[in-house]
Amino acid sequence: MSAVLKKAQLAAGVNNPKATPFSKNPAGAEKGGGEKPRTVLRYRLPHPMRDESGNPLKLEAGEERLYTDEELKEFQGTEYSNGMHVCLYDGGVREGDRRDGLGQYIYAKGEIFEGAWKANKRNGPGILAMTTGHRYEGDWKDDQMEGTGREEFAKGEVYLGAYKKGRMHGTGTLDYHGIGSLFDGEWSEGRKHGAGRVLYANGDVFEGTWAHGRREGKGTTTYAKGGRVYESQWANGKLVGKLVFLRHAAAPPVALQQQQQSPARDGRLKLNKTTRIPLELALWRPKTDSREVSTETLMRLQLAFEAQDRAMQGTVATADLQRLWAQTEGADPSLLQVLDPTKSGSVSLTDLFKAWYPSVPHREIDRYRATFCHPLDLLRHRGEICGVPSGAEKGFVHLADGREELSLENLRRVRHTIGGDRFSDNCFKRATAKTDKNTVAFADVLDVWYPNVPYDMVIRSELTYLPEDDYECIEEDFTVLSTDGVLLIENFDVATQRWQAWLREYGDLDAPETLPSVGFAEAPTTPQDALHARMVEGPFKGEPIWPVGPLTLSLKMLQTIDTRKSGSVLTLFLFFLVQG
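Residues numbered from 1 in each chain as written. Predicted model: local features only at pLDDT ≥ 70, side-chain atom pairs only at ≥ 80, totals over all residues. Heavy atoms only, no water.

J.: I'd love a proper account of the overall build of the protein, names of residues and values included.
T.: Secondary structure assignment for the protein yields 18 helices and 29 strands. By residue count, 48% of the 580 residues in the protein fall in the buried class. In the protein, the share of contacts with a sequence separation of at least 24, taken over all contacts with a separation of at least 6, comes to 46%. Summing over all exposed atoms, the protein offers an accessible surface of approximately 28600 Å²; the carbon and sulfur share of this is 51%. (Helix = DSSP H or I, 4+ residues; strand = E, 2+ residues; numbered from the N terminus. Buried < 20%, exposed > 50% of the residue type's maximum accessible area, 1.4 Å probe, protein only. Contact = heavy atoms within 4.5 Å. Areas by Shrake-Rupley, 256 points an atom, 1.4 Å probe, with all protein chains shown as cover.)

Laid out in structure tokens, this is it:
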């Protein structure tokens, strides 16, 4: 449980730090007249909504699906004939069904807020998670972000600092994760305003002042190479005159890659599991009529599944699921046959996804589980890479008519298919929500299709050159992790098994109070070598990853690439080739 939710529990009167946020009778809850009972409220808001064919849609707590024939008849002539929104609230209330205390609110389009409420408004600590990937974790006042918080934007930027009336205001740090630079300074009404500095990925540093989001007045730039310091003058965001040499710095600035202590920087995981609330696994029902499933829903199902994965190996014994079903009131035991039809004795996360959403193409499920983009898939989706055609007539470059971005009109013309895979109107909306444009680039498509592939890897799929900084960082990390110039799968397999054993002993990474005072790399039983020291948590439980410069490496990636089953798969040259 995150520190924000623990703080919210205390604010709501839940004094037991180990009680779940929605315990019916949490230890230490208020009694008598001050009690805040737990209840579920349903809000129906009429909202005309139709699918691509013009058929009415019904939204249930963020899920989209067509009306059935019975529902069409039921709602005909009512305010819901064109579709509806259904919002769900689960938490404390006071007289008049006013939301008050700790509670969870699922908005009609899938956004989730979990935290403290007062008089029907968000007040106190809380977490807001949006389906676009945008997340905020911090303080609220009268339904607006105010106080201190951490905001993750859909394109990967992360802000940590002060807020006022819903905007960045005061001192804060914004990490432009996609390009590697970072701003640290003063803000006013959501814009840079006052003193600040920019740290670039190559180590250069600019210090100066800003006015209404633009550089203004005098500034200095210190270059990493050579340590030269130049003075500059700025007006309305534009350089006035030329740079003037001042002096040599006493010591060159440290490259940004070496400043990983930044509280806003966390480039390993694109999806933050701490902002998601697990679904009730035993109460979930297969969605046989859904042709599409949101990333948010898959993430919440993943969390529910991983809570049962005590072996940390990506599977759950059918016997354990049977016990869970027996302990859950209202669970349907016959659904277990859907999860394990062959009676193999275990169920994987992929099995769960495909059983619960049988009408969703399996490729979409596999892309959610992917932690890297396979070069052959990239070639098929793009249609052409470095002049090499894929043979597919509907790759991205063909649909975009030679342009760098694709319009919704072009997408609809080919029935929402890119390189043989579906990219629906909803996918297009999610991609444009992250860019505020009415067109999408190929990297935007990949970002929606591959939610667990780091954004740094996604944006590099379009580069036609290898940046010098990238090469140096990748070469250094690759040399440390390799043995005689190759990556040995056996070594990575042993390291992964030790990681899983450590998790089994100390519990889930999402519950830090159960972990020892030291991490895996510092544990006494961990071998003191680079392969174990550099291993970090991945997007899936029990599957660690290794940062290699701006990219990441996993055991599954190595096993996928090793088509000859040789056990040693990559030289440095081939590593660059595989990463695009």
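J.: I'd like a description of a positive patch on the surface, backed by residues and values.
T.: A contiguous patch of positive charge on the surface is contributed by R167, R191, R214 and K238. With respect to the secondary-structure elements, K238 resides in strand β18 (residues 238–248). (Patch = residues over 30% accessible without salt bridge, like charges linked within 9 Å, V, L, I, M, F, W, Y side chains within 5 Å. Salt bridge = Lys/Arg side-chain N within 4 Å of Asp/Glu carboxyl O. Lys, Arg positive; Asp, Glu negative; His and termini not counted. Charge placed at Lys NZ, Arg CZ, Asp CG, Glu CD.)

J.: Residue-level account of the sheet that holds strand β28 (residues 543–548), with values.
T.: As summarised here, the arrangement of the three strands in space is β27-β28-β29, forming an open sheet in which the pairing is antiparallel. Strand pairing shows two members of the sheet lacking a second neighbour, β27 (536–540) and β29 (551–554), which therefore form its edges. Going across the sheet, the axis of each strand differs from the next one's by a mean of 50 degrees, ignoring polarity. Sheet topology note: the β27/β28 ladder contains two bridges and is antiparallel. Bridge assignment links V536 to a residue of β28, and that residue is I545. (Pairing = 2+ DSSP bridges. Axes fitted to C-alpha atoms, helices over the stretch in contact; angles between N-to-C directions.)

J.: Describe the environment of A317, naming the residues involved and giving the relevant values.
T.: Of note, A317 is situated in strand β19 (residues 315–317). Residue classification places A317 among the partly exposed residues on the basis of a relative accessible area of 32%. Linking A317 and G345, residues 28 residues apart in sequence, is a C-alpha distance of 5.8 Å. What A317 contacts, discounting residues up to four positions off in sequence, is G345 and S346.

J.: Explain the nonpolar core to me, and be specific about the residues and the numbers.
T.: Residues L406, I418, F423, F492, W546 and L553 are the most contacted members of the largest nonpolar core, which totals 50 residues. Formed by 30 residues, the second largest nonpolar core is a distinct cluster that contains V293, L301, L349 and A355. (Core = buried A, V, L, I, M, F, W, Y, C linked by side-chain atoms within 4.5 Å.)

J.: Which residues make up the packing of aromatic side chains, and what values do they have?
T.: Here the structure, examined in full by the defined rule, presents 20 aromatic pairs. When the centroid spacing of 5.6 Å and the interplanar angle of 80 degrees are considered together, the rings of Y89 and W117 count as edge-to-face. One end of the pair, Y89, is in strand β4 (residues 83–94); the other, W117, is in strand β6 (residues 112–118), and 28 residues separate them in sequence. For the pair Y89 and W117, a shared accessibility class is recorded, and that class is buried. Each ring, one from Y136 and one from W140, has its centre 5.3 Å from the other, and the planes form 85 degrees; the classification is edge-to-face. A single burial state applies to Y136 and to W140, both of which are buried. Above the ring of Y89, the side-chain terminus of R99 is found at 5.8 Å from the ring centroid. Seen from the ring of F206, R215 lies directly overhead, with NZ or CZ sitting 3.9 Å from the centre. (Phe/Tyr/Trp six-rings, centres within 6.5 Å; stacked < 30°, edge-to-face > 60°. Lys NZ or Arg CZ within 6 Å of the ring centre and 35° of its normal.)

J.: Hey, could you go over the pattern of salt bridges for me, with residue numbers and the actual values?
T.: The tally for this structure, following the rule as stated, stands at 15 salt bridges. Between D377 and R380 there is a salt bridge whose closest N-O contact spans 3.0 Å. In this pair, D377 and R380 are both assigned in helix α8 (residues 375–382), three residues apart and thus about one turn of the helix distant. The closest approach of N and O atoms between R412 and D425, which form a salt bridge, is 2.8 Å. Here D425 lies in helix α11 (residues 425–435) and R412 lies in helix α10 (residues 408–413), a separation of 13 residues in the sequence. A single salt-bridge network, built from bridges that share partners, covers R363, R367, D377, R380 and D421.

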